[in-house]
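In case you want the letters, here they are:
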Amino acid sequence: MARRTEPPDGGWGWMVVLSAFFQSALVFGVLRSFGVFFVKFVAAFEEPAARVSWIASIGIAVQQFGSPLGSALSTKFGPRPVVMTGGFLAALGMLLASFSTSLTHLYLSIGLLSGSGWALTFTPTLACLSRYFSRRRSLAMGLALTGVGLSSFAFAPLFQWLLNCYAWRGALMLVSALSFHLVACGSLLRPLSLAEDSAVGGPGAQLISLIHDGPFLRYTVALTLINTGYFVPYVHLPAHLQDLGWDPLPAAFLLSVAAIADLVGRVVSGWLGDAIPGPVARLLMLWSALTGVSLVLFPVAQASTTLVVLAVAYGFTSGALTPVAFSVVPELVGTGRMYCGLGLVQMVESIGGLLGAPLSGYLRDVTGNYTASFVVAGAFLLAGSGVLITLPHVFCCPAPSSRSQDLVIEAPHTKVPLSKEEGLGEN
């Protein structure tokens, strides 16, 4: 007979955080650093840069649009086999890419196959992590997602060294070997059944309930608007700085400064999300608004010192909004619908991510500078922050809930009592 239960808020959940840390590094760290292969692919296949750019774009699109599939499979079979399968596909795609003789082969191997593996890996892992934590959820998210920033520092020089030593085919084989570690990360995702799971139904029933859930739909719209402006500085800030007369190397270094602030922001925001009572959506609204303001101010700044300050502000606030953005989902839909909820959010918000940078580039072509690009990007973030105000109880501070339950169902037909040492803390 099913018993009422709460997330353990620790215990094996910290191993899930470790798994999510390495998975975020091996998925988005690889994607962020894959630009070092760009010049090699252009030279090897004698293709224009625009066509080569589609390799990473297809991979990102497949990862985000395929997230609902990974979530549905995890709901039915559990996250462990799904993520392990995704890790195998991600590594296999990189391995096959090393034998490519045309860009089409790279589109299919890295874009489609590895992208499918990433879709089965990232979202199910974060959903699993959310189910293990309640009071410490934002901190756990923040720690897990620092893997993206740290790996971005490590992988770019590592991949360049591999290219210098082994050429692009040998480098892709070694990136494939690195990606196989996603399988090991997936094996750490111990199944966790909660009392509300039996009440939410299967993936189909959850999807139907979500598309009729007003607050969830408004939150999805908010994140899509935020995502539209979020990535613009990563794409266009170096070019904007060069328009102001900066050399390419210092312009690129400013992104590294923003990345350091991003790491700090993720951890600080995760801690604040758990320390400050009330809905996490309030923090998300604050960070989104501050990120939007920093983007609007970029075209106004001319002095180097001011631009560095804005880059730090953007890095910190944009990093800070990431862990709380994922933490809001279980507050809206519950942990039982977390897999499908997070998958659907990732799929829809990807529209903003795909349109934001091209829209900013179009505005640059029309106006001749990046002023409109940054102002419009900031406006999208401010609009998303405004939509978050409409979520229920945003300005309420509910009383702490009682946690008298002390049993977690860890696997089918296996009930495991949790001691305090395993993570079920006191109020």
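Provided above is the structure to which this section pertains.
These notes cover the structure that comes with them. Since we're looking at a predicted model, the values are computed, not measured.

Topic: unusual backbone geometry
Located in the positive-phi region is Glu46, a residue other than glycine, with phi close to 50°. Summarising the element assignment, Glu46 is placed in the loop between α2 (38-45) and α3 (49-65). According to the relative accessible area criterion, Glu46 is exposed, its value standing at 72%. For Ala167, which is not a glycine, the phi torsion comes out positive at approximately 65°. Residue position: Ala167 is located in helix α8 (residues 137-179). Relative accessible area serves as the criterion here: at 43%, Ala167 is assigned to the partly exposed category.

Digging into the packing of aromatic side chains
Under the defined criterion, the tally for this structure stands at 16 aromatic pairs. Plain terms: the ring middles of Phe21 and Phe22 are 5.3 Å apart, the flat faces sit at 85° to each other, and that makes the pair edge-to-face. Judged by its relative accessible area of 40%, Phe22 is partly exposed. The interplanar angle of 75° and the centroid separation of 6.2 Å between the aromatic rings of Phe122 and Phe326 together place this pair among those described as edge-to-face. Highlighted residues: Phe122 in helix α7 (residues 122-132) and Phe326 in helix α16 (residues 304-333), separated in sequence by 204 residues. In this structure an aromatic cluster arises from ring pairing among Phe37, Phe41, Phe45, Phe155, Phe159 and Trp168. Stacked on the ring of Phe77, the Lys or Arg Lys76 has its end atom at 5.8 Å from the ring centre. The ring of Trp12 carries the charged tip of Arg190 above its face, separated from the ring centre by 3.9 Å.

Some details on the environment of Ser187
By secondary structure assignment, the location of Ser187 is in helix α9 (residues 181-187). Between the C-alpha atom of Ser187 and that of Pro81, which follows or precedes it by 106 residues, the distance is 7.8 Å. Apart from the residues lying within four places of it in its own chain, the contact partners of Ser187 are Arg80 and Met84. At 2.5 Å, the side chain of Ser187 and the backbone oxygen of Ala184 are in polar contact.

A word on the environment of Gly315
By secondary structure assignment, the location of Gly315 is in helix α16. Sequence separation of Gly315 and Val264 is 51 residues, and the distance between their C-alpha atoms is 8.8 Å. Residues contacting Gly315, with those up to four places away along its chain left out, are Ala258, Ala261 and Asp262.

Let's talk about helix α1 (residues 13-33)
An α-helical turn contains 3.6 residues, so any two residues separated by three or four positions project in the same direction. Between the first and last C-alpha of α1 there are 29 Å, a value that for 21 residues agrees with the 30 Å anticipated at 1.5 Å per step. Within α1, 15 of the 21 residues are buried, which leaves the element mostly enclosed by the surrounding structure.

Some remarks on the side chain of Arg337
One can find Arg337 in the loop between α16 and α17 (338-367). Side-chain polar atoms of Arg337 contact the side chain of Asp213, separated by 3.3 Å. Beyond its immediate sequence surroundings of up to four residues, Arg337 is in contact with Val200, Gln206, Ser209, Leu210, Asp213 and Leu332.

The rules behind these values
- The residue numbering used here restarts from 1 in each chain and proceeds along that chain's sequence as written.
- Only residues with pLDDT of at least 70 get local features here, since the model is predicted, and only at 80 or more are side-chain atom pairs given and counted; chain-wide, interface and lining totals rely on the full set of residues.
- The side-chain values count all of the structure's non-hydrogen atoms but skip hydrogen atoms and water molecules.
- Here a strand is any run of E in DSSP of at least two residues, a helix any run of H or I of at least four, and the numbering for each starts at the N terminus.
- Relative accessibility thresholds used throughout: buried, under 20% of the residue-type maximum; exposed, over 50%; partly exposed, between the two (1.4 Å probe, protein chains only).
- By convention, a stacked pair of Phe, Tyr or Trp rings (six-membered ring in the case of Trp) has centres within 6.5 Å and planes under 30 degrees apart, an edge-to-face pair has planes over 60 apart, and any other such pair is tilted.
- A positively charged side chain is recorded as over a ring if its NZ (Lys) or CZ (Arg) lies within 6 Å of the ring centre. The angle to the ring normal must also be within 35 degrees.
- We call two residues contacting when some pair of their heavy atoms lies within 4.5 Å.
- What qualifies as a polar contact is a pair of N or O atoms within 3.5 Å, subject to a donor-acceptor requirement within protein and to the restriction that residues adjacent in sequence count only when both atoms come from side chains.
- Helices are assigned an expected span. That span is 1.5 Å times one less than the residue count.

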